[in-house]
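Given next are the chains, with one letter for each unit.
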Amino acid sequence: MSPDSWTHDLHFLQTKADRVIQVQLLQDYYNNLLDYPKWQAYLREYQPPTLIVWGKNDPAFIAAGAKAYLKDVPNAELHLLDSGHFSVEEKPVEIAKYIVDFMSKLAQ
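How each quantity is defined
Residues numbered from 1 in each chain as written. Predicted model: local features only at pLDDT ≥ 70, side-chain atom pairs only at ≥ 80, totals over all residues. Heavy atoms only, no water. 1 Å grid on protein atoms, 1.4 Å probe; cavity = no way out; pocket = protein on both sides within 12 Å on 5 of 7 lines; lining within 4 Å. Points joined across faces, edges and corners; volume = space filled by probe spheres on them. Helix = DSSP H or I, 4+ residues; strand = E, 2+ residues; numbered from the N terminus. Nonpolar A, V, L, I, M, F, W, Y, C, P; charged D, E, K, R; others polar. Patch = residues over 30% accessible without salt bridge, like charges linked within 9 Å, V, L, I, M, F, W, Y side chains within 5 Å. Areas by Shrake-Rupley, 256 points an atom, 1.4 Å probe, with all protein chains shown as cover. Salt bridge = Lys/Arg side-chain N within 4 Å of Asp/Glu carboxyl O. Buried < 20%, exposed > 50% of the residue type's maximum accessible area, 1.4 Å probe, protein only. Pairing = 2+ DSSP bridges. Right-handed = clockwise from strand over helix to strand, strands pointing away. Arc of directions from axis to C-beta. Contact = heavy atoms within 4.5 Å.

Asks: Could you clarify how one ought to interpret the layout of surface pockets in this entry?
Replies: The rolling of a water-molecule-sized probe over the atoms marks out the regions of remaining empty space. If you add up the space inside the largest pocket, you get close to 390 Å³. As for the largest pocket, its lining consists of 14 residues, and the residues nearest its centre are Y36, Q40, W54, G65 and Y69. Contributing elements (two or more residues each) for the lining of the largest pocket: α3 (29-34), α4 (36-46) and α5 (63-72). Residue composition of the lining of the largest pocket, grouped by class: 10 nonpolar, 3 polar and 1 charged. The calculated volume of the second largest pocket comes to roughly 160 Å³. The residue inventory of the lining of the second largest pocket, partitioned by class, reads 3 nonpolar, 1 polar and no charged.

This is the structure:
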């Protein structure tokens, strides 16, 4: 994992205002959960092209959560990576390839 990841993350937590924003996001997560039915209804109705790239070893957002999207968007492209919560930092090249391939298919 690149040490730049930590540097970038810490950069956005340097001020008190930045830290307050992060705390507010965590404290307000319950309202995020309340909106899940709206998001799920949108996905079911519109069936947008969907790429899901997920760390199968993520202890916070478990793999079953990724698979649950397939109930609403059955044609979604799902890739469970051998990574954890910070998949972008752990597998950046692999994820970039999935994104490029996905976007290429959309452009056809």
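Asks: Where do I start with a nonpolar patch on the surface in this structure?
Replies: A surface patch of nonpolar side chains, about 690 Å² in accessible area, is lined by Y29, Y30, L33, L34, Y36, W39 and F61. Only α3 and α4 provide two or more residues apiece to the nonpolar patch. With 4 residues, α3 is the largest single contributor of residues to the nonpolar patch. Mapping L33 onto the fold places it in helix α3.

Asks: How should the pairing of strand β2 (residues 77-81) be read in this particular structure?
Replies: Along any regular strand the residues' side chains alternate between the sheet's two faces. Here β2 shows one buried face, formed by E77, H79 and L81, and one open face, formed by L78 and L80. Strand direction decides the pairing type here: strand β1 (residues 51-55) and β2, joined by 5 bridges, are parallel. Note on β2: the bridge partner recorded for V53 is H79. With respect to chirality, the unit in which β1 leads through α5 into the neighbouring parallel β2 is right-handed.

Asks: Any chance you could explain α5 here in plain terms?
Replies: For an α-helix, the turn length of 3.6 residues means that residues three or four places apart are oriented alike. Listed as buried for α5 are A63, A66 and D72. Viewed end-on, α5 has its buried residues packed into an arc of 165 degrees, placing them on one side of the element. Those residues of α5 that are buried are in contact with α4, β1 and β2.

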